[in-house]
Amino acid sequence: MKQVNQALAAEFGLSADEYQRVLDIMGRTPSFTELGVFSVMWSEHCSYKSSRVWLKTLPTKAPWVIHGPGENAGVVAIGDGLAAIFKMESHNHPSFIEPYQGAATGVGGILRDVFTMGARPVANLNALRFGDPKHPRTKRIVDGVVRGIGGYGNCVGVPTVGGEVNFHPSYNGNPLVNAMTVGIAATDKIFLSAAAGIGNPVVYVGSKTGRDGIHGATMASTEFGADSEEKRPTVQVGDPFVEKLLIEACLELMATDAIVAIQDMGAAGLTSSSVEMAGKGGVGIELDLDHVPQREPNMSAYEMMLSESQERMLMVLRPDREDIARAIFEKWDLDFAVIGHITDTGRIVVKHNGVVEADIPLDPLADQAPLYHRPTAETAKQPPIGPTADPIGLEAALLKLVGCPDLCSRAWITDQYDSTVGGQTVKRPGAADAAVVRLEGLKRALALTTDCTPRYVQADPEIGGMQAVAETWRNLTAVGARPLAITDNMNFGNPTKPEIMGQFASAIKGMAAACIALDYPVVSGNVSLYNETEGRGILPTPAIGGLGVLDDAADAVGLALKPGLTLVLIGETRGHLGQSLWLREILGREEGPPPPVDLAAERRNGDFVRHQILTANVAACHDLADGGLLVAVAEMAMAGQTGATLNPPPAGIAPHAWFFGEDQGRYLIATRAPGALLVAAVSEDIPAIEIGTTGGSDLTLPGGVTISLSSLQAEHARFFPEWMDQTHGDASH
Amino acid sequence: MKAIVTVMLKNGVLDPQGKAIGQALATLGFAGVGEVRVGKRIELDLAETDPAKAREAAEAMARALLANLVIESFSVEIV
Amino acid sequence: MQAAIVVFPGINRERDMAIALELATGHKPRMVWHKETTLDGIDLVVLPGGFSYGDYLRCGAMAAHSPIMAEVKRHAARGGYVMGVCNGFQIITEAGLLPGALLRNAGLRFLSMDCHLRVERADTAFTGHYQQGQTFRVPMAHGDGNYTASTEDLDRLEGEGLVAFRYAEPSGALTTAANRNGSARNIAGIFSPNLRVLGLMPHPEDLVDPLMGGTDGKPLFDGLAAALAA
């Protein structure tokens, strides 16, 4: 075993200052295992050392919030004595190295965060960002990630009901794989991780421990260099079958009173779970690694403490309930081992083969963890783009936009995810702005979405952060749901660069403003930094997962048009083309400021639309986002196999700006009763305008140009199947 | 004693994985690859020390579980 | 009708199935753990969808050897009703209760989408509430649904009228496009010779509620409840 010194500490990812701090806490040179514990606990991934000062500024409270950030996942009350438990988490770096397993274990990890709190998982979502489709590597990564998400989620039997996908060259060497799980529990049966009860047994359940993923948490906290291919051995392999058994066994045990505390073994495995459980409970913990179920012979204490083998949980049990618990796990053919007990020492003591391999005081390990106020540099404001001319006309632009990788049909992806298992999926992927999942046996339903527009965040991080939160709120509203709370997944570049830290700080500021204005707090989240390859940063991507509730699932509306309806546009249209997809796809320019976000108008317009949906004035509804009004009309038409005839734009606005501008806070409603809707809008001072009617099998533009639905559909459906059918090297999995 | 059970799709049963791999190899520039078939290799650590009995046991396991004789064939090697 | 749903480790559509059965019969089916060994008083045994034993080795291979399966076979031999859906169909074929096998989907990808099934005969307990030749919409979700059997078996199934459902266009036309997983002769489900064992790949249990997009799957359960009313 190597000599413990500053050079080794640096290899483990600790700075010279941080190593000095370890020496001060320990009062001696730490053992190899102790150094490993410090390095993972103080990694960016576990300690949030660069982001914590900013995360603290996010609003996290509301009357319906039961547990905000700091637990395994966020918990909000949704009525009927139930709570929704949810979180989003990244698995970016592992997914670059091994796309299938990286994505699969990302899904597995976030599922455990949710069921460890006592919830049955009822829905999975994701937020994915990939490189340029023309980049030679992108196709393999997309294929592997999609198979991995499906392979894991389909097997555990949790429906994958929603998600988003963007492409941009900035993700060429660093895809983003953010997975979100939502679960349901009774509000009075929520399990936390704070250990208690001196002498209580510490129990390990699930899969055996192998050498996989050692130092995964520190891998997630460093930039990729050209050598990252060599980091392959640290990638964990997922076993969704065992995860399914673990879900059932844990829920069965949770129905008893045996559990004092429970925590999944995620990043940094046994180390972070035992340290966090004991630390939160203000107690000590002693582990005897001889009892850890092991998959490989001769594992060292260091390897067992840092292993990231998947599908494992750590629990503190009531001593008189050990037998009940053991019987349940044996029924499900899962390992069950008492590997230690709770102490009053305030220390973590790790023994192996009769030798004390680690003995660390827990308070300083947490309290004296590094915390950085890293320098920030503000992103320069983008100058306005000035007037633009439309070089190709509305029809050609629409066909190009609905076929571009960022807007084309996602069916190739969603067809690989089981979205119906559980039998409660009211709105499947593509059927509505948010997924809608009913609660088994009840009328109540959850609305769920993930959103972010990274190009807006890049151009103006504060507006971009605001917009990401607002868009999730709008998508939930557009199905008729009452938005309750969000989870955030902050994907950014290297935080030691002031411009990156500035993006982070500004995005948080914008998000916080939106959360406050919309009564829509952050209840859980995850930070992924160092998303760069060889010095090139990704677009800053604060992916937001939004959760809302519908009192009656039958109220939910979708996108699909039917004949004989009137289209009403809610919200103000100025024709903002800066950072729009039209500007990028038609003129090849990624320029200008993003559309401004008026949070007061956002709230007013959304509250109006929701009320109209709940009073049954709305047959279909779609928020206006990427591609603007005409893309929204096309998406609704395709979803309902029903055409539409559109009115000319109002005077004073160019047709391409009217139809493709990306002004925020807007919804397109299809209604049978336009008169009543417009009257209501006027009385509440909501901008609303009739823009057309539905029927037929063509989209008819002002001036009489018609585009058949079948040609729209053909363009929309083309990209993924054609791209993927070009044979590529990997046919495995 | 170790038994290695190789399970293959029977001749005549379409092997779409093999077909896809064959196509991928061709696009990667590997010429002259004919049919590609994909199978499974299952390694069994057996307590048995008599090779004939080990083979017999492994064949029984293959027939009972490791292979589906409707679509697959198997062979056993004792090492 | 008293129904039982067998729960193997890794099964995940047992609750969907229970909801559909309860909707049709008015009472909850019995959930039977795979290590149990009796099915006394049960009219219909359902092997639900999911990934029993993780689909490792072959889909359904290990579940087919679970302790309960000996009793399922006895139940079938006594003339009892058995329905295997998705993984349940794979388990039934692995157990030899129905001929053939389910291979990887022809396109090598998991397929989760609605498909249309054509009802090949309506004079059975399972299909009595459908019309012969009608099509109905139903979700499917599987990676290994590509039905295969020897030419003799396929000819015998067709000759004896034991094909239950085929993948079809909504019009009823049997096309390659409608047969997404590549099944032999578009076969989506088959009966035993006594018409009391049914195996099928798609999930009628997931389309029994208008809120979930339709009730096309409901006649199957209503028909069973009517035919097996004690």
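Residues numbered from 1 in each chain as written. Chains lettered and ligands numbered in written order. Predicted model: local features only at pLDDT ≥ 70, side-chain atom pairs only at ≥ 80, totals over all residues. Heavy atoms only, no water.

J.: Honestly, the packing of helix α1 (residues 14-25) of chain C against helix α5 (residues 218-227) of chain C in this entry has me stumped. Any pointers?
T.: A pair of packed helices can be characterised by two numbers: the angle between their axes and the separation between those axes. Residue and element names in this part refer to chain C. Following both chains from N to C, one finds α1 and α5 inclined at 55°, their axes separated by 8 Å at the closest point. If you check the angle between α1 and α5, you find them oblique. As for the relative orientation of α1 and α5, their crossing is right-handed in sense. Between α1 and α5, the contacting residues are M17, A20, L21, L23, A24 and T25 on the first element and K218, F221, D222 and A225 on the second. (Axes fitted to C-alpha atoms, helices over the stretch in contact; angles between N-to-C directions. Helix = DSSP H or I, 4+ residues; strand = E, 2+ residues; numbered from the N terminus. Parallel < 35°, antiparallel > 145°, perpendicular 65-115°, else oblique. Left-handed = near helix turned anticlockwise from the far one by under 90°. Contact = heavy atoms within 4.5 Å.)

J.: In this structure, what is going on with unusual backbone geometry? I would like to understand it.
T.: With the exception of glycine, the majority of residues adopt a negative phi angle, and the majority of peptide bonds are in the trans configuration. Positive phi, normally seen in glycine, also occurs at E311 of chain A, with a value near 60°. Tracing the sequence through the fold places E311 of chain A in the loop between α12 (301-306) and β10 (312-317). Residue class for E311 of chain A comes out buried when judged on its relative accessible area of 2%. If you check the backbone angles, L108 of chain C has positive phi at about 65° while not being a glycine. Relative to the helices and strands, L108 of chain C resides in the loop between β5 (101-103) and β6 (111-119). Overall, L108 of chain C belongs to the buried group, its relative accessible area being 10%. (Buried < 20%, exposed > 50% of the residue type's maximum accessible area, 1.4 Å probe, protein only.)

J.: Explain the interface of chain A and chain C here, please?
T.: Accessible area lost upon the coming together of the parts serves often as the stated size of an interface. Of the residues lining the interface, 35 residues belong to chain A; the matching set on chain C comes to 30 residues. Between chain A and chain C, roughly 2,700 Å² of surface is buried when both sides are summed, and carbon and sulfur atoms account for 50% of that area. On the surface where chain A and chain C come into contact, there are six salt bridges. We note a salt bridge from D418 of chain A to R13 of chain C, for which the minimum N-O separation is 2.7 Å. Where chain A touches chain C, the interface holds 15 residue pairs in polar contact (both at pLDDT 80 or more). Listed by contribution, the elements that provide at least two residues to the side of chain A that touches chain C are α8 (138-156), α10 (240-254), α16 (411-414) and β14 (425-427) of chain A. With five residues, the single largest contributor to the side of chain A that touches chain C is α8 of chain A. (Buried area = accessible area lost by both parts, 1.4 Å probe. Salt bridge = Lys/Arg side-chain N within 4 Å of Asp/Glu carboxyl O. Polar contact = N/O pair within 3.5 Å; in protein donor to acceptor, adjacent residues only side chain to side chain.)

J.: What's the story with the pairing of strand β21 (residues 541-550) of chain A in this structure? I'm lost.
T.: Residues and elements named next belong to chain A. Of all ten residues in β21, ten are buried, a share of seventy percent or more. Of the two faces of β21, the one lined by T541, A543, G545, L547 and V549 and the one lined by P542, I544, G546, G548 and L550 are each fully buried. As defined by bridge partners, strand β16 (residues 445-451) adjoins β21 across seven bridges and the pair is classed as antiparallel. Across the sheet, residue T449 finds its bridge partner in β21, namely G546. Pairing analysis gives nine bridges linking strand β17 (residues 482-491) to β21, with the strands arranged antiparallel. Residue pairing in the sheet places N489 in a bridge with A543 of β21. (Pairing = 2+ DSSP bridges.)

J.: Any chance you could explain the environment of A188 of chain C here in plain terms?
T.: Residue and element names in this part refer to chain C. One can find A188 in strand β10 (residues 187-191). C-alpha of A188 to C-alpha of L200: the two residues are twelve residues apart in sequence and 5.6 Å apart in space. Residues contacting A188, with those up to four places away along its chain left out, are F89, L117, F165, R166, Y167, G199, L200, M201 and P202.

J.: Help me out: how do you make sense of the pattern of salt bridges in this one?
T.: Side chains carrying opposite charge are able to pair once their charged atoms draw close together. Taken as a whole, this structure holds 70 salt bridges over all chains when the rule is applied. Ionic pairing is found between D626 of chain A and R455 of chain A, a salt bridge with its closest N-O pair at 2.9 Å. In this pair, D626 of chain A sits in the loop between β23 (620-623) and α22 (628-640) while R455 of chain A sits in helix α17 (residues 454-459), placing the two residues 171 residues apart along the sequence. When sorted by exposure, D626 of chain A lands in the same class as R455 of chain A, which is buried. One network of salt bridges, in which partners are shared, links R118, E120, D155, E158, R166 and R185 of chain C.

J.: Help me understand the packing of aromatic side chains, please; the structure alone is not making it clear to me.
T.: In this description, a pair of aromatic rings is defined by centroid distance and the angle of the planes. Residues and elements named next belong to chain A. Going through the model one piece at a time under the given rule, you end up with 23 aromatic pairs over all chains. Ring centres of F167 and F719 lie 5.9 Å apart, and the angle between their planes is 75°; this geometry places the pair in the edge-to-face category. You can see F167 sitting in strand β5 (residues 160-167) and its partner F719 sitting in helix α25 (residues 709-725), a full 552 residues away along the chain. Both residues of the pair, F167 and F719, count as buried. A centroid spacing of 5.0 Å and a plane angle of 70° characterise the contact between F719 and F720, whose relative ring orientation is edge-to-face. Judged by relative accessible area, F719 falls into the buried class, the value being 15%. We classify F720 as buried; its relative accessible area is 1%. Put simply, the rings of F130, F167, W412, F719, F720 and W723 touch in pairs and so form one group of aromatic residues. (Phe/Tyr/Trp six-rings, centres within 6.5 Å; stacked < 30°, edge-to-face > 60°.)

J.: Whenever I open this one, the packing of helix α15 (residues 393-403) of chain A against α25 of chain A confuses me. Can you help?
T.: Where α15 of chain A meets α25 of chain A, the axes come as close as 7 Å, and the angle between the chain directions of the two elements is 35°. Touching L398, L399, V402 and G403 of chain A of α15 of chain A are S711, L712, E715, H716 and F719 of chain A, all from α25 of chain A.

J.: Is there a simple way to think about the nonpolar core in this case?
T.: It is characteristic of soluble globular proteins that their nonpolar side chains tend to be buried jointly. One finds F329 of chain A together with L44, M83 and F165 of chain C to be the most contacted residues of the largest nonpolar core, which totals 100 residues. Discounting residues that sit within four places of it in the chain, F329 of chain A has contacts with V205, L246, A249, C250, L253, M315, L334 and F336 of chain A. In this structure, V426, A445, L518 and V609 of chain A belong to the second largest nonpolar core, which totals 58 residues. (Core = buried A, V, L, I, M, F, W, Y, C linked by side-chain atoms within 4.5 Å.)

J.: Could you clarify how one ought to interpret the sheet that holds strand β7 (residues 201-206) of chain A in this entry?
T.: In a beta sheet, neighbouring strands are held together by backbone hydrogen bonds and run either parallel or antiparallel to one another. Residue and element names in this part refer to chain A. One open sheet holds the seven strands; their spatial order is β8-β10-β7-β11-β9-β12-β13, and the pairing between them is mixed. Two strands lie at the open edges of the sheet, namely β8 (259-264) and β13 (355-361), each paired on one side alone. The mean inter-strand angle of the sheet, taken between neighbouring strand axes irrespective of direction, is 20°. Two elements, β8 and β10, share five bridges in a ladder whose sense is antiparallel.

J.: Teacher, can you tell me more about a nonpolar patch on the surface here?
T.: A cluster of nonpolar side chains, namely L28, F30 and V33 of chain B, defines an oily patch on the protein surface of about 300 Å² accessible area. Mapping L28 of chain B onto the fold places it in the loop between α1 (16-27) and β2 (39-45). (Patch = residues over 30% accessible without salt bridge, like charges linked within 9 Å, V, L, I, M, F, W, Y side chains within 5 Å. Areas by Shrake-Rupley, 256 points an atom, 1.4 Å probe, with all protein chains shown as cover.)

J.: I keep staring at the confidence of the model for chain C and nothing clicks. Help me out?
T.: Atomic detail in the predicted coordinates should be set aside for any region of low pLDDT. Within chain C, residue pLDDT values average 97, and 100% of them lie at 70 or more. ipTM for the predicted complex: 0.96, alongside a pTM of 0.95. (pLDDT = per-residue confidence, 0-100.)

J.: Help me understand helix α2 (residues 16-26) of chain A, please; the structure alone is not making it clear to me.
T.: All names here are of chain A. Residues E18, Y19, V22, I25 and M26 constitute the buried set of α2. Buried residues in α2, looked at end-on, bunch into an arc of 120°, giving them a common side. Relative to its buried face, α2 has exposed residues pointing more than 90 degrees away, namely D17 and D24. Looking at the packing, one finds that the buried side of α2 touches α1 (6-11), α3 (32-41), β13 and α14 (362-367). Immediately downstream of α2, the backbone of G27 shows phi near 70°, a positive value. (Arc of directions from axis to C-beta.)

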